[in-house]
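A structural walkthrough
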Amino acid sequence: MTTTTSRIPVTKAVVPAAGLGTRFLPATKATPKEMLPVVDKPAIQYVVEEASAAGLSDILMVTGRNKRALEDHFDRAYELEELLVRKGDEDRLRRVRESVELANMHYVRQGDPKGLGHAVSVAEQHVAGQPFAVLLGDDLIDPRDPLLARMIEVQQELGGSVVALMEVDPSQIHLYGCAAVKANGFGEDVFQVTDLVEKPEPGEAPSNYAVIGRYVLDPLVFDVLRETPPGRGGEIQLTDALRELTTRDAEAGGQVHGVLFKGRRYDTGDRADYLRAIVRLAAEREDLGPEFRSWLREFVGSELQD
Ligand code: G1P
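Residues numbered from 1 in each chain as written. Predicted model: local features only at pLDDT ≥ 70, side-chain atom pairs only at ≥ 80, totals over all residues. Heavy atoms only, no water.

1. Quick word on the pattern of salt bridges
Tallied over the entire structure, the rule returns 27 salt bridges. With a closest N to O distance of 2.8 Å, Glu34 and Lys67 form a salt bridge. With Glu34 in the loop between strand 1 (12-16) and strand 2 (37-38) and Lys67 in the loop between strand 4 (58-63) and helix 2 (68-73), this pair connects stretches of sequence that are 33 residues apart. The residue Arg248 makes a salt bridge to Glu244 at a minimum N-O spacing of 2.8 Å. For Arg248, a relative accessible area of 31% corresponds to the partly exposed category. Ionic contacts of the salt-bridge type, sharing partners, join the residues Asp40, Asp91, Arg94, Arg95, Glu98, Arg285 and Asp287 into one network. (Salt bridge = Lys/Arg side-chain N within 4 Å of Asp/Glu carboxyl O. Helix = DSSP H or I, 4+ residues; strand = E, 2+ residues; numbered from the N terminus. Buried < 20%, exposed > 50% of the residue type's maximum accessible area, 1.4 Å probe, protein only.)

2. Digging into the pairing of strand 10 (residues 190-198)
Both faces of the sheet carry side chains from a regular strand, because those side chains alternate between them. Two elements, strand 9 (residues 177-183) and strand 10, share seven bridges in a ladder whose sense is antiparallel. Among the inter-strand pairings, Ala179 is bridged to a residue of strand 10, identified as Leu196. For strand 10 and strand 12 (residues 256-260), the ladder comprises three bridges, and the chain directions are antiparallel. Residue pairing for strand 12: Val190 is matched across the bridge by Val259. (Pairing = 2+ DSSP bridges.)

3. Points about the site of the ligand
Looking at the ligand, the residues that line it are Leu116, Leu136, Asp139, Tyr176, Gly177, Glu198, Lys199, Val211, Gly213, Gln237 and Thr239. Between Thr239 and the ligand, the recorded distance is 3.2 Å, taken from a side-chain N or O atom to an oxygen atom. Against a free-state accessible area of 380 Å², the protein chains account for coverage of 77% of the ligand. Grouping the amino acids of the shell around the ligand by side-chain chemistry returns four nonpolar, four polar and three charged. (Near = heavy atom within 4 Å. Polar contact = N/O pair within 3.5 Å; in protein donor to acceptor, adjacent residues only side chain to side chain. Areas by Shrake-Rupley, 256 points an atom, 1.4 Å probe, with all protein chains shown as cover. Nonpolar A, V, L, I, M, F, W, Y, C, P; charged D, E, K, R; others polar.)

4. So, the UniProt feature "domain: Nucleotidyl transferase" (unreviewed entry) in the protein chain
Mapped onto this structure's residue numbering, the UniProt feature "domain: Nucleotidyl transferase" (unreviewed entry) falls at residues 12-281. Taken end to end, residues 12-281 has its terminal C-alpha atoms 27 Å apart, with 32% of it in helix and 25% in strand. (UniProt positions renumbered as here; feature names shortened; annotations may be inferred.)

5. Digging into the packing of aromatic side chains
Tallied over the full model, the rule gives five aromatic pairs. Considering the side-chain rings of Phe132 and Phe222, the 5.2 Å spacing of their centres and the 10° angle between planes classify their relative orientation as stacked. Here Phe132 is found in strand 6 (residues 132-135), whereas its partner Phe222 is found in helix 8 (residues 220-227), with 90 residues between them in sequence. For Phe132, a relative accessible area of 0% puts it in the buried group. Centre to centre, the rings of Trp295 and Phe299 are 4.9 Å apart; their planes meet at 15°, and the pair counts as stacked. Of this pair, Trp295 and Phe299 both sit in helix 11 (residues 289-302), separated by four residues, roughly a single helical turn. Judged by relative accessible area, Trp295 falls into the partly exposed class, the value being 45%. Since its relative accessible area comes to 27%, Phe299 is described here as partly exposed. Among the aromatic residues, those joined into a ring-pair cluster are Phe292, Trp295 and Phe299. The ring of Tyr46 is capped by Lys41, whose NZ or CZ atom sits 4.6 Å from the centre of that ring. (Phe/Tyr/Trp six-rings, centres within 6.5 Å; stacked < 30°, edge-to-face > 60°. Lys NZ or Arg CZ within 6 Å of the ring centre and 35° of its normal.)

In C-alpha coordinates form, the structure reads like this:
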(Lines give C-alpha, C1' and ligand atoms only; values in the text may rest on other atoms or scores of the structure.)
Protein backbone atom coordinates (compact mmCIF):
# COMPACT_ATOMS: atom_id res chain seq x y z
CA MET A 1 0.00 0.00 0.00
CA THR A 2 1.23 3.48 -0.77
CA THR A 3 1.93 5.51 2.34
CA THR A 4 0.49 8.98 2.33
CA THR A 5 1.17 11.69 4.90
CA SER A 6 -2.51 11.74 5.93
CA ARG A 7 -2.01 9.47 8.92
CA ILE A 8 0.88 11.44 10.35
CA PRO A 9 -0.64 13.44 13.23
CA VAL A 10 -0.75 17.23 13.01
CA THR A 11 1.26 18.71 15.88
CA LYS A 12 2.72 21.92 14.44
CA ALA A 13 1.25 25.29 13.61
CA VAL A 14 2.78 28.06 11.51
CA VAL A 15 1.70 31.63 12.21
CA PRO A 16 2.79 34.17 9.60
CA ALA A 17 3.37 37.47 11.43
CA ALA A 18 5.71 39.50 9.25
CA GLY A 19 3.14 41.94 7.81
CA LEU A 20 3.62 45.67 8.30
CA GLY A 21 0.11 46.49 9.49
CA THR A 22 -0.19 49.64 7.40
CA ARG A 23 -3.98 49.72 7.87
CA PHE A 24 -3.42 50.60 11.52
CA LEU A 25 -0.84 53.36 11.18
CA PRO A 26 0.23 55.23 13.21
CA ALA A 27 -0.56 52.65 15.97
CA THR A 28 1.68 50.15 14.20
CA LYS A 29 4.59 52.51 13.53
CA ALA A 30 6.65 51.06 16.40
CA THR A 31 4.39 48.21 17.59
CA PRO A 32 3.65 45.01 15.65
CA LYS A 33 0.01 44.89 14.54
CA GLU A 34 -0.27 41.46 16.17
CA MET A 35 0.29 43.14 19.56
CA LEU A 36 -2.75 45.45 19.32
CA PRO A 37 -5.02 44.60 22.24
CA VAL A 38 -8.38 42.93 21.79
CA VAL A 39 -9.87 43.86 25.18
CA ASP A 40 -6.81 43.11 27.35
CA LYS A 41 -4.89 40.50 25.37
CA PRO A 42 -2.87 41.08 22.20
CA ALA A 43 -4.64 39.76 19.08
CA ILE A 44 -1.87 37.20 18.49
CA GLN A 45 -2.49 35.54 21.87
CA TYR A 46 -6.01 34.51 20.79
CA VAL A 47 -4.46 32.82 17.75
CA VAL A 48 -1.87 30.95 19.82
CA GLU A 49 -4.62 29.95 22.30
CA GLU A 50 -6.67 28.60 19.41
CA ALA A 51 -3.79 26.47 18.12
CA SER A 52 -3.07 25.21 21.61
CA ALA A 53 -6.76 24.36 22.20
CA ALA A 54 -6.69 22.28 19.00
CA GLY A 55 -3.79 20.27 20.44
CA LEU A 56 -0.95 21.99 18.54
CA SER A 57 1.82 22.50 21.05
CA ASP A 58 4.59 23.46 18.62
CA ILE A 59 4.18 26.89 17.07
CA LEU A 60 6.47 28.52 14.55
CA MET A 61 5.99 32.24 14.12
CA VAL A 62 7.26 33.71 10.88
CA THR A 63 8.33 37.24 11.79
CA GLY A 64 10.33 40.10 10.37
CA ARG A 65 11.96 43.34 11.45
CA ASN A 66 10.42 45.20 14.42
CA LYS A 67 8.62 42.10 15.70
CA ARG A 68 10.66 41.48 18.81
CA ALA A 69 7.70 42.35 21.05
CA LEU A 70 6.07 39.11 19.88
CA GLU A 71 8.94 37.02 21.24
CA ASP A 72 8.91 38.93 24.51
CA HIS A 73 5.18 38.42 24.91
CA PHE A 74 5.48 34.63 24.80
CA ASP A 75 8.54 34.60 27.06
CA ARG A 76 8.98 34.92 30.82
CA ALA A 77 9.05 38.46 32.24
CA TYR A 78 11.16 37.83 35.34
CA GLU A 79 11.22 41.35 36.80
CA LEU A 80 7.49 41.81 36.40
CA GLU A 81 6.74 38.34 37.76
CA GLU A 82 8.99 38.91 40.77
CA LEU A 83 7.25 42.19 41.52
CA LEU A 84 3.82 40.55 41.37
CA VAL A 85 5.04 37.67 43.56
CA ARG A 86 6.27 40.17 46.14
CA LYS A 87 2.92 41.95 46.06
CA GLY A 88 1.06 38.65 46.34
CA ASP A 89 -0.95 39.59 43.23
CA GLU A 90 -1.84 36.04 42.17
CA ASP A 91 -4.42 37.05 39.61
CA ARG A 92 -2.14 39.31 37.56
CA LEU A 93 0.73 36.85 37.94
CA ARG A 94 -1.44 34.15 36.41
CA ARG A 95 -2.36 36.42 33.52
CA VAL A 96 1.26 37.37 32.87
CA ARG A 97 2.32 33.73 32.82
CA GLU A 98 -0.60 32.47 30.69
CA SER A 99 0.99 33.30 27.34
CA VAL A 100 4.23 31.48 28.22
CA GLU A 101 2.54 28.21 29.09
CA LEU A 102 0.42 27.89 25.94
CA ALA A 103 2.89 26.22 23.57
CA ASN A 104 6.51 25.73 22.59
CA MET A 105 7.24 28.82 20.54
CA HIS A 106 9.77 29.00 17.72
CA TYR A 107 10.64 31.92 15.47
CA VAL A 108 12.02 32.31 12.00
CA ARG A 109 12.38 35.47 9.95
CA GLN A 110 10.89 35.78 6.52
CA GLY A 111 13.62 38.04 5.10
CA ASP A 112 12.15 39.57 1.95
CA PRO A 113 8.39 40.05 2.35
CA LYS A 114 7.39 38.21 -0.82
CA GLY A 115 3.84 37.21 0.14
CA LEU A 116 1.92 34.68 2.21
CA GLY A 117 3.07 31.73 0.09
CA HIS A 118 6.67 32.77 0.68
CA ALA A 119 6.07 33.18 4.45
CA VAL A 120 4.74 29.60 4.59
CA SER A 121 7.68 28.30 2.55
CA VAL A 122 10.23 29.48 5.14
CA ALA A 123 8.61 27.03 7.61
CA GLU A 124 9.68 24.02 5.55
CA GLN A 125 12.64 22.93 7.62
CA HIS A 126 10.78 23.28 10.91
CA VAL A 127 7.71 21.41 9.69
CA ALA A 128 9.93 18.52 8.58
CA GLY A 129 7.62 16.54 6.33
CA GLN A 130 4.49 16.50 8.50
CA PRO A 131 1.07 17.92 7.71
CA PHE A 132 0.76 21.23 9.61
CA ALA A 133 -1.69 24.02 10.39
CA VAL A 134 -1.39 27.65 9.28
CA LEU A 135 -3.20 30.34 11.25
CA LEU A 136 -3.34 33.92 9.99
CA GLY A 137 -3.17 36.47 12.77
CA ASP A 138 -5.72 38.86 11.23
CA ASP A 139 -8.50 36.29 11.51
CA LEU A 140 -9.83 35.81 15.00
CA ILE A 141 -12.09 32.78 15.42
CA ASP A 142 -14.34 32.90 18.45
CA PRO A 143 -13.08 30.23 20.88
CA ARG A 144 -16.67 29.04 21.37
CA ASP A 145 -16.85 28.03 17.69
CA PRO A 146 -13.93 25.63 17.24
CA LEU A 147 -12.85 25.28 13.63
CA LEU A 148 -9.27 24.06 13.62
CA ALA A 149 -9.99 20.78 15.43
CA ARG A 150 -12.58 19.92 12.75
CA MET A 151 -10.13 20.78 9.96
CA ILE A 152 -7.47 18.53 11.51
CA GLU A 153 -10.02 15.72 11.79
CA VAL A 154 -10.91 16.09 8.11
CA GLN A 155 -7.22 16.12 7.10
CA GLN A 156 -6.58 12.96 9.09
CA GLU A 157 -9.54 11.21 7.45
CA LEU A 158 -9.13 12.40 3.88
CA GLY A 159 -5.46 13.36 3.60
CA GLY A 160 -4.37 16.18 1.30
CA SER A 161 -4.82 19.77 2.44
CA VAL A 162 -7.78 21.51 4.07
CA VAL A 163 -8.91 25.14 3.85
CA ALA A 164 -11.53 26.95 5.94
CA LEU A 165 -14.39 28.44 3.92
CA MET A 166 -16.99 30.98 4.84
CA GLU A 167 -19.89 32.24 2.76
CA VAL A 168 -19.61 35.99 2.21
CA ASP A 169 -21.71 38.55 0.43
CA PRO A 170 -20.70 38.43 -3.28
CA SER A 171 -19.69 42.11 -3.03
CA GLN A 172 -16.97 41.11 -0.55
CA ILE A 173 -15.43 38.11 -2.31
CA HIS A 174 -12.77 40.25 -4.04
CA LEU A 175 -11.11 40.65 -0.62
CA TYR A 176 -10.43 36.92 -0.25
CA GLY A 177 -9.18 33.76 -1.85
CA CYS A 178 -12.27 32.19 -3.47
CA ALA A 179 -12.98 28.46 -3.83
CA ALA A 180 -15.06 26.50 -6.34
CA VAL A 181 -16.35 23.38 -4.60
CA LYS A 182 -18.33 20.19 -5.14
CA ALA A 183 -19.90 17.77 -2.66
CA ASN A 184 -17.71 14.88 -1.54
CA GLY A 185 -20.09 12.97 0.72
CA PHE A 186 -18.04 13.57 3.86
CA GLY A 187 -20.50 15.45 6.04
CA GLU A 188 -22.54 18.57 5.34
CA ASP A 189 -19.70 20.93 6.16
CA VAL A 190 -17.01 19.34 3.98
CA PHE A 191 -16.42 19.85 0.25
CA GLN A 192 -13.92 18.93 -2.40
CA VAL A 193 -12.21 22.12 -3.63
CA THR A 194 -12.00 22.08 -7.44
CA ASP A 195 -10.51 25.53 -8.08
CA LEU A 196 -9.16 28.57 -6.22
CA VAL A 197 -8.70 32.20 -7.24
CA GLU A 198 -6.91 34.82 -5.15
CA LYS A 199 -8.99 38.00 -4.78
CA PRO A 200 -11.07 37.60 -7.96
CA GLU A 201 -12.11 40.61 -10.04
CA PRO A 202 -15.81 41.48 -9.79
CA GLY A 203 -17.80 39.05 -11.93
CA GLU A 204 -14.99 36.49 -12.07
CA ALA A 205 -15.52 34.76 -8.73
CA PRO A 206 -16.46 31.09 -9.12
CA SER A 207 -18.54 31.20 -5.88
CA ASN A 208 -19.07 33.22 -2.72
CA TYR A 209 -17.01 30.79 -0.63
CA ALA A 210 -14.17 32.82 0.87
CA VAL A 211 -11.00 31.19 2.17
CA ILE A 212 -10.50 32.40 5.72
CA GLY A 213 -7.18 32.31 7.50
CA ARG A 214 -6.99 28.69 8.68
CA TYR A 215 -5.31 25.92 6.70
CA VAL A 216 -4.10 22.37 7.35
CA LEU A 217 -1.52 21.62 4.69
CA ASP A 218 0.23 18.58 3.32
CA PRO A 219 4.00 19.17 3.11
CA LEU A 220 3.71 18.71 -0.67
CA VAL A 221 2.80 22.40 -0.59
CA PHE A 222 6.51 23.23 -0.14
CA ASP A 223 7.45 21.58 -3.46
CA VAL A 224 4.62 23.43 -5.15
CA LEU A 225 5.52 26.80 -3.55
CA ARG A 226 9.05 26.52 -4.92
CA GLU A 227 7.55 26.49 -8.41
CA THR A 228 4.82 29.09 -7.79
CA PRO A 229 5.46 32.33 -9.67
CA PRO A 230 4.41 35.69 -8.18
CA GLY A 231 0.65 36.18 -8.57
CA ARG A 232 -1.77 38.88 -7.46
CA GLY A 233 0.05 41.98 -6.19
CA GLY A 234 3.36 40.54 -7.43
CA GLU A 235 3.42 38.26 -4.36
CA ILE A 236 3.84 34.50 -4.05
CA GLN A 237 0.30 33.54 -3.13
CA LEU A 238 -0.58 30.54 -0.96
CA THR A 239 -3.90 30.39 -2.85
CA ASP A 240 -2.03 29.79 -6.14
CA ALA A 241 -0.07 26.90 -4.59
CA LEU A 242 -3.31 25.41 -3.23
CA ARG A 243 -4.87 25.68 -6.65
CA GLU A 244 -2.01 23.60 -8.04
CA LEU A 245 -2.52 21.08 -5.20
CA THR A 246 -6.12 20.51 -6.32
CA THR A 247 -4.68 18.97 -9.51
CA ARG A 248 -2.13 16.72 -7.80
CA ASP A 249 -2.59 13.03 -7.06
CA ALA A 250 -4.09 12.22 -3.64
CA GLU A 251 -1.49 9.46 -3.15
CA ALA A 252 1.27 12.05 -3.43
CA GLY A 253 -0.36 14.42 -0.90
CA GLY A 254 -2.44 16.39 -3.41
CA GLN A 255 -6.16 17.35 -3.31
CA VAL A 256 -7.77 20.11 -1.26
CA HIS A 257 -10.86 19.92 0.94
CA GLY A 258 -12.89 22.79 2.33
CA VAL A 259 -14.52 22.93 5.77
CA LEU A 260 -17.43 25.35 5.85
CA PHE A 261 -17.34 27.58 8.93
CA LYS A 262 -20.57 29.13 10.20
CA GLY A 263 -19.31 30.49 13.52
CA ARG A 264 -18.10 33.88 14.67
CA ARG A 265 -15.01 35.33 12.98
CA TYR A 266 -13.50 38.80 13.26
CA ASP A 267 -11.04 40.34 10.84
CA THR A 268 -8.80 42.21 13.25
CA GLY A 269 -6.81 43.52 10.28
CA ASP A 270 -9.81 45.71 9.41
CA ARG A 271 -10.40 48.70 11.68
CA ALA A 272 -14.19 48.49 11.82
CA ASP A 273 -14.19 44.73 12.39
CA TYR A 274 -11.45 45.12 15.01
CA LEU A 275 -13.72 47.51 16.93
CA ARG A 276 -16.64 45.10 16.59
CA ALA A 277 -14.48 42.28 17.99
CA ILE A 278 -13.51 44.33 21.02
CA VAL A 279 -17.07 45.45 21.77
CA ARG A 280 -18.51 41.96 21.39
CA LEU A 281 -15.82 40.15 23.36
CA ALA A 282 -15.83 42.78 26.13
CA ALA A 283 -19.64 42.69 26.39
CA GLU A 284 -19.53 38.91 26.77
CA ARG A 285 -16.78 38.81 29.38
CA GLU A 286 -17.82 37.73 32.87
CA ASP A 287 -15.70 40.33 34.63
CA LEU A 288 -16.14 43.39 32.39
CA GLY A 289 -19.39 42.45 30.68
CA PRO A 290 -22.15 43.49 33.09
CA GLU A 291 -20.94 47.06 33.55
CA PHE A 292 -19.89 47.47 29.92
CA ARG A 293 -23.23 46.17 28.61
CA SER A 294 -25.22 48.56 30.71
CA TRP A 295 -23.05 51.49 29.54
CA LEU A 296 -23.39 50.27 25.95
CA ARG A 297 -27.19 50.15 26.23
CA GLU A 298 -27.25 53.72 27.47
CA PHE A 299 -24.77 54.87 24.83
CA VAL A 300 -26.69 53.29 21.98
CA GLY A 301 -29.96 54.64 23.35
CA SER A 302 -28.83 58.25 23.78
CA GLU A 303 -25.73 59.04 21.73
CA LEU A 304 -26.61 57.12 18.61
CA GLN A 305 -30.13 58.48 18.04
CA ASP A 306 -30.36 60.02 14.59
C1 G1P B 1 -4.96 36.25 2.82
C2 G1P B 1 -5.06 35.22 1.68
C3 G1P B 1 -6.49 35.14 1.17
C4 G1P B 1 -7.43 34.82 2.32
C5 G1P B 1 -7.26 35.87 3.46
C6 G1P B 1 -8.06 35.45 4.68
O7 G1P B 1 -5.18 37.52 2.27
O8 G1P B 1 -4.17 35.58 0.64
O9 G1P B 1 -6.60 34.13 0.21
O10 G1P B 1 -8.75 34.84 1.86
O11 G1P B 1 -5.89 35.97 3.86
O12 G1P B 1 -8.02 36.42 5.68
P13 G1P B 1 -4.84 38.89 3.05
O14 G1P B 1 -6.07 39.22 3.85
O15 G1P B 1 -3.65 38.64 3.90
O16 G1P B 1 -4.59 39.91 1.97
